[in-house]
Amino acid sequence: KGRILGALEVFNRDAMNVTDEWSNYFETLAGQAAIAIENITLFDELQRANEDLIVGYNDTIEGWSKALDLRDKETEGHTQRVTKLTLALARRMAVPEENLVHMRRGALLHDIGKMGIPDSILLKPGPLTDEEWALMKKHPEYARDMLEPIAYLRPALEIPIFHHEKWDGSGYPAGLSGTGIPLSARIFAIVDVYDALTSERPYRKAWTKSDALDHIRGESGKHFDPQIVEVFLSFELPDNPALLD
């Protein structure tokens with residue numbers, strides 16, 4: 001294709017009678033070598049481009065999650081903590097490594113739907129009215145609307161959409177129960193509640209680790225998957241949730 005990729009050189013101890021047949025064969029060999037080299041080069045460039053694209057995707061998701069934390073100062077750092085703990089719990093539950101990338105993205109974007117909730121509701125210091133609570137409960141649906149059109153994020157939708165479902169079927173938005181709730185959402189739900197309870201809020205003090213774990217234990221079979229609760233309770237968790245940052 002008009003580009004020199006390299007040179008083939010032939011050495012022989014004796015004088016050679018280079019015939020047209022030999023030259024044609026060697027030219028064919030050089031052409032095949034050039035094709036092989038070009039294919040390898042294209043493959044390497046494609047791999048690098050894909051890696052750069054994945055880094056760009058992940059950086060974008062990190063940026064979105066930080067924007068959410070900045071919008072709600074009271075929960076700053078929450079997203080990073082629950083993401084780390086979710087992945088640790090998932091590994092303890094023997095979730096395949098190839099699924100963890102989607103769980104990480106889902107955890108980082110678990111509250112992305114709250115971008116559709118007005119500040120007057122999201123940042124309200126007191127309890128919500130029934131009407132405000134009904135609107136707040138729509139944030140998983142807003143997450144679906146925002147993320148589903150993005151092809152590479154579809155495998156990560158389980159956590160943003162279903163992390164408020166409960167084992168006994170009393171959660172939202174779909175009222176799923178038991179193992180009908182995706183595993184990633186069942187894992188995340190425990191971590192999300194634990195971090196929320198052990199973090200300071202304007203309307204209450206942070207719970208102690210012991211009190212939070214007692215609550216998780218008490219909700220086993222109601223809010224949470226009993227098997228995941230058992231694994232979670234075996235974790236060595238820091239007394240200060242900020243240490244998960």
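Bear in mind the structure is a predicted one, so any value in this text is a computation, not a measurement. (Residues numbered from 1 in each chain as written. Predicted model: local features only at pLDDT ≥ 70, side-chain atom pairs only at ≥ 80, totals over all residues. Heavy atoms only, no water.)

A. Focus on the overall build of the protein chain. Each helix and strand in the protein chain was counted, giving 10 helices and zero strands. Written out in order from the N terminus, the α and β elements of the protein chain read α-α-α-α-α-α-α-α-α-α. Computed over C-alpha atoms, the radius of gyration of the protein chain comes to 27 Å, more than 25% over the 18 Å expected from 2.2 N^0.38 for 245 residues, which places it beyond the range of a compact globule. Within the span of the protein chain, comprising 245 residues, buried residues form 36% of the whole. Across the protein chain, every contact between residues at least 6 apart in sequence was considered, and the portion connecting residues at least 24 apart equals 61%. With the model as given, the accessible surface of the protein chain reaches about 14500 Å², and the carbon-plus-sulfur share is 54%. Side chains of the protein chain carry 27 positive and 40 negative charges; the gap between the two charge centres is 6 Å. (Helix = DSSP H or I, 4+ residues; strand = E, 2+ residues; numbered from the N terminus. Rg over C-alpha atoms; globule rule 2.2 N^0.38 Å. Buried < 20%, exposed > 50% of the residue type's maximum accessible area, 1.4 Å probe, protein only. Contact = heavy atoms within 4.5 Å. Areas by Shrake-Rupley, 256 points an atom, 1.4 Å probe, with all protein chains shown as cover. Lys, Arg positive; Asp, Glu negative; His and termini not counted. Charge placed at Lys NZ, Arg CZ, Asp CG, Glu CD.)

B. Structural view of the confidence of the model for the protein chain. For the protein chain, the mean per-residue pLDDT works out to 87, and 93% of the residues sit at or above 70. Mean pLDDT values for the elements of the protein chain range from 82 in helix α1 (residues 20–71) up to 96 in helix α7 (residues 158–162). (pLDDT = per-residue confidence, 0-100.)

C. Expanded view of the side chain of H223. Relative to the elements of secondary structure, H223 occurs in the loop between α9 (209–218) and α10 (226–233). Residue classification places H223 among the buried positions, given a relative accessible area of 16%. Apart from the residues within four sequence positions on either side, H223 is in contact with E165, K166, W167 and V193.

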